[in-house]
Amino acid sequence: MGTISENFSFSEFERSDTAKKRGIINVISTAKVRDSIQALVINVLQPLRTAVGIPMPVNSGYRCPELNAAVGGVPTSQHMKGEAADIATSAPVLLARKAVELGLPFDQIGLYPTFVHFSHKLGGPQRGQIFYSKNYKGERL
């Protein structure tokens, strides 16, 4: 596949330390998943990355069902559809706040201690939900 935008590629959505350790083949295998990832990047992640001007490493992007189970993901995880990405950051609230300020069309933003979960539904509608993990102790929006 290759490049999605100036700062994101399909390979980083497939990359997973858990998959590597467990021998799980985590590859984007359908056009719908590819299109969903592309929509997430074009509509949410790249505009946010451009606005903040700092790297936004993908911690967890696409997850095949086997990988999703291995990491304890819920059976309905948007990661399996290519609709979600967890972005590593030391300041989750700053990324989340900027996404809201920019009016980006997100389905969910989830704040965790070391990352932010962003999702975007291909074809919408977007719920615009913000949630906080039980371990998140930082500032809230």
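What counts and what doesn't
Residues numbered from 1 in each chain as written. Predicted model: local features only at pLDDT ≥ 70, side-chain atom pairs only at ≥ 80, totals over all residues. Heavy atoms only, no water. Patch = residues over 30% accessible without salt bridge, like charges linked within 9 Å, V, L, I, M, F, W, Y side chains within 5 Å. Areas by Shrake-Rupley, 256 points an atom, 1.4 Å probe, with all protein chains shown as cover. Salt bridge = Lys/Arg side-chain N within 4 Å of Asp/Glu carboxyl O. Buried < 20%, exposed > 50% of the residue type's maximum accessible area, 1.4 Å probe, protein only. Helix = DSSP H or I, 4+ residues; strand = E, 2+ residues; numbered from the N terminus. Expected span 1.5 Å × (residues − 1). Bend = angle between axes of the 7 residues up to and from the residue. Contact = heavy atoms within 4.5 Å. Core = buried A, V, L, I, M, F, W, Y, C linked by side-chain atoms within 4.5 Å. Pairing = 2+ DSSP bridges. Axes fitted to C-alpha atoms, helices over the stretch in contact; angles between N-to-C directions.

**Let's talk about a nonpolar patch on the surface**
Point 1. Taken together, the side chains of V100, I130 and L141 make up a nonpolar region of the molecular surface, amounting to roughly 220 Å² of accessible area.
Point 2. Taking the relative accessible area as the measure of exposure, I130 reaches 33% and is therefore partly exposed.

**Some remarks on unusual backbone geometry**
Point 1. For the bond running from G124 to P125, omega is -5°, close enough to zero to count as cis.
Point 2. For P125, the position within the fold is in the loop between β4 (115–119) and β5 (129–132).

**So, helix α3 (residues 31–52)**
Point 1. Taking 1.5 Å of rise per residue, 22 residues should cover 32 Å, and α3 covers 30 Å from first to last C-alpha, within 8% of that figure.
Point 2. Helix geometry: α3 is bent most strongly at V41, by close to 45°.
Point 3. Three or more residues of α3 are buried, namely V33, S36, I37, A39, L40, V41, V44, L45, Q46, L48 and R49.
Point 4. Structurally, α3 contributes buried residues whose contacts are with α1 (10–14), β2 (84–88), α5 (92–101) and β4.

**Notes on the nonpolar core**
Point 1. Membership of the largest hydrophobic core comes to 32 residues, with the highest contact counts inside it found for F13, I37, L45, I87, I109 and F118.
Point 2. Broken down by secondary-structure element, the contributors of at least two residues to this core are α1, α3, β2, α5, β3 (108–111) and β4.
Point 3. It is α3 that contributes the most residues to this core, 7 residues altogether.
Point 4. Those residues within four positions of F118 in sequence are excluded, and the remaining contacts are L40, V44, L45, L48, E83, A84, A85, I87, L95, A99, Q108 and I109.

**Some details on the sheet that holds β2**
Point 1. The strand order across the open sheet built from 5 strands is β1-β2-β4-β3-β5, with neighbouring strands paired in mixed fashion. In this open sheet, the two strands that pair with only one neighbour each are β1 (58–60) and β5. For this sheet, the mean inter-axis angle between neighbouring strands, taken without regard to orientation, is 25°.
Point 2. Pairing analysis gives 4 bridges linking β3 to β5, with the strands arranged parallel. The partner of G110 across the bridge, within β5, is F131.
Point 3. Contacts from α3 reach β2 and β4, with the element oriented near 145° to β4.
Point 4. Along the sheet, α5 contacts β2, β3, β4 and β5; its crossing angle with β3, the most-contacted strand, is approximately 160°.

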